[in-house]
Amino acid sequence: MGRMTGRRILSAAPVLLAVTFGVFAVAAASPFDPVKAYAGTAGLTASQAELDQLRANLGVDQPLVQRWWEWLTSALTGDLGDSSVLRQPVADVIAERIGWSALLATAAFAVAILLGTAFGVLAARRRGGWLDRCVSSAAYTLEAAPAFWLGLLAIWFFALKLGTLPAGGLTDTASDTVTSGQVISHLLLPAGVLGLSQLPWFFLYVRQGVGDALDEDPVRGARARGLAERTVLTGHALRSGMLPMLTLIGSRVPELITGALLVETVFSWPGIAAATVQAATSVDFPLLAALTVLATAAVLLGNLLSDLLYGLADPRVGFDG
């Protein structure tokens, strides 16, 4: 396990380097002018000399490779630079928002895995039955539904029509403090929507895996020995059928990040979505590079986690082979 983790970490370094350089290259080719975005309305009346001076102060007048190399060497020492659009250090921007994004993603992943596993096992128990047909149809429908559309539908139904849950934000409008109760109530809708957008894949993988495991000889032998159906499902079929689903965890991380950005925007959740959109539209080089590296690292960690979980669940898989 240790050797495989070490190899993955070493192989991640060139990937992250390539990603950061790609961000700077794409941003340099972008038609958006970071100087005008930074100056705002004042840039409309500024002289060319003033704009050139601001361009030099921001460092965007330097060649592409030089800008990337200066950012990279500073980042390796812990200095991620300053965000030109948010007017604060990039490290502070990320620190203020990453916790709320991680809370939303973790809660959504828990919803998707728990509900997907439960419904997958129930559907696999009697494939072709009414429950299997209903849940499978709902899963295929959710698979085709965009996360932002589900979010708008949830706001209309639960916040506007029923009035049972808040439509967005982190706390109540009249509140000056952040309490755990308010956070939980405001988290329910975005986490539920993001979890439902990821649920179809977990359900389909578990349904297929458990259904195939129920047809295997060891499970048939367990039933022939008179073991209870619950024991057969949880002790034999579920463990075997969950193995393919473990590999799904890493592959869903990219779409989880994309879905989280959309859901955070719809529900005004104070995560990194707003910072990401602002960094992209304003060509904020330091912030855009840091957020892209963060997302790439999350994807790589997700793939590593799925491999580790698969190896722990199935001893036949060798970590160091």
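Residues numbered from 1 in each chain as written. Predicted model: local features only at pLDDT ≥ 70, side-chain atom pairs only at ≥ 80, totals over all residues. Heavy atoms only, no water.

(A) Broad picture of the layout of surface pockets. One number sums up the size of the largest pocket: a volume of about 640 Å³. Taken together, 27 residues make up the lining of the largest pocket; nearest its centre are I98, A105, V253, I257 and A298. Of all the secondary structure elements, the ones that give two or more residues to the lining of the largest pocket are α5 (90–125), α10 (229–266) and α12 (285–313). With 11 residues, the single largest contributor to the lining of the largest pocket is α12. (1 Å grid on protein atoms, 1.4 Å probe; cavity = no way out; pocket = protein on both sides within 12 Å on 5 of 7 lines; lining within 4 Å. Points joined across faces, edges and corners; volume = space filled by probe spheres on them. Helix = DSSP H or I, 4+ residues; strand = E, 2+ residues; numbered from the N terminus.)

(B) Quick look at the packing of α5 against helix α8 (residues 180–214). At their nearest, the axes of α5 and α8 sit 4 Å apart, and the two run at 35° to each other. The interaxial crossing formed by α5 with α8 has right-handed handedness. Class assignment of the residues belonging to the contact of α5 with α8 gives a composition of 26 nonpolar, 6 polar and 2 charged. (Axes fitted to C-alpha atoms, helices over the stretch in contact; angles between N-to-C directions. Left-handed = near helix turned anticlockwise from the far one by under 90°. Nonpolar A, V, L, I, M, F, W, Y, C, P; charged D, E, K, R; others polar.)

(C) Expanded view of the pattern of salt bridges. What the rule picks out here adds up to 2 salt bridges. R97 serves as the salt-bridge partner of E96, at 3.4 Å between the closest nitrogen and oxygen. Look at R97 and you get buried, because its relative accessible area is 18%. R207 is the salt-bridge partner of D132, the closest N and O atoms lying 2.7 Å from each other. Highlighted residues: D132 in helix α6 (residues 130–144) and R207 in helix α8, separated in sequence by 75 residues. (Salt bridge = Lys/Arg side-chain N within 4 Å of Asp/Glu carboxyl O. Buried < 20%, exposed > 50% of the residue type's maximum accessible area, 1.4 Å probe, protein only.)

(D) Summary view of the nonpolar core. The biggest cluster of nonpolar side chains holds 40 residues, and the ones touching the most others in it are L104, L194, F202, V210, V263 and F267. Elements represented by at least two residues in this core include exactly α5, α7 (147–161), α8 and α10. Ranked by the residues each element gives to this core, the list is headed by α8, at 12 residues. Core analysis: the second largest hydrophobic core is formed by 20 residues, V90, A279, L287 and L288 among them. (Core = buried A, V, L, I, M, F, W, Y, C linked by side-chain atoms within 4.5 Å.)

(E) Looking closely at unusual backbone geometry. We note that S268 has phi near 50°; this positive angle belongs to a residue other than glycine. Tracing the chain through its elements places S268 in the loop between α10 and α11 (273–281). Accessibility expressed as a relative area gives 52% for S268, which makes it exposed.

(F) A look at the environment of A275. Among the secondary structure elements, A275 is positioned in helix α11. Look at A275 and you get buried, because its relative accessible area is 1%. The spacing of A275 and L86 is 189 residues in sequence and 8.1 Å in space, taken between C-alpha atoms. Aside from chain neighbours lying at most four places away, what touches A275 is L86, V93, R97, L287 and L291. (Contact = heavy atoms within 4.5 Å.)

(G) The arrangement of the packing of α7 against α8 in detail. In the contact formed by α7 and α8, the axes pass within 9 Å of each other and the chain directions differ by 140°. Here α8 runs oblique to α7, going by the angle between their axes. Every pair of crossing elements has a handedness; the one defined by α7 and α8 is right-handed. Contacts between α7 and α8 involve A147, L150, G151, A154 and F158 from the first element and L189, V193 and S197 from the second. Among the residues forming the contact of α7 with α8, the class breakdown is 6 nonpolar, 2 polar and no charged. (Parallel < 35°, antiparallel > 145°, perpendicular 65-115°, else oblique.)

(H) The arrangement of a nonpolar patch on the surface in detail. On the surface, F148, W149, L152, L153, W156, F157, F158, L160, L162 and L262 cluster together to form a nonpolar patch covering roughly 980 Å² of accessible area. When residues of the nonpolar patch are assigned to their parent elements, the largest contribution, 8 residues, is made by α7. (Patch = residues over 30% accessible without salt bridge, like charges linked within 9 Å, V, L, I, M, F, W, Y side chains within 5 Å. Areas by Shrake-Rupley, 256 points an atom, 1.4 Å probe, with all protein chains shown as cover.)

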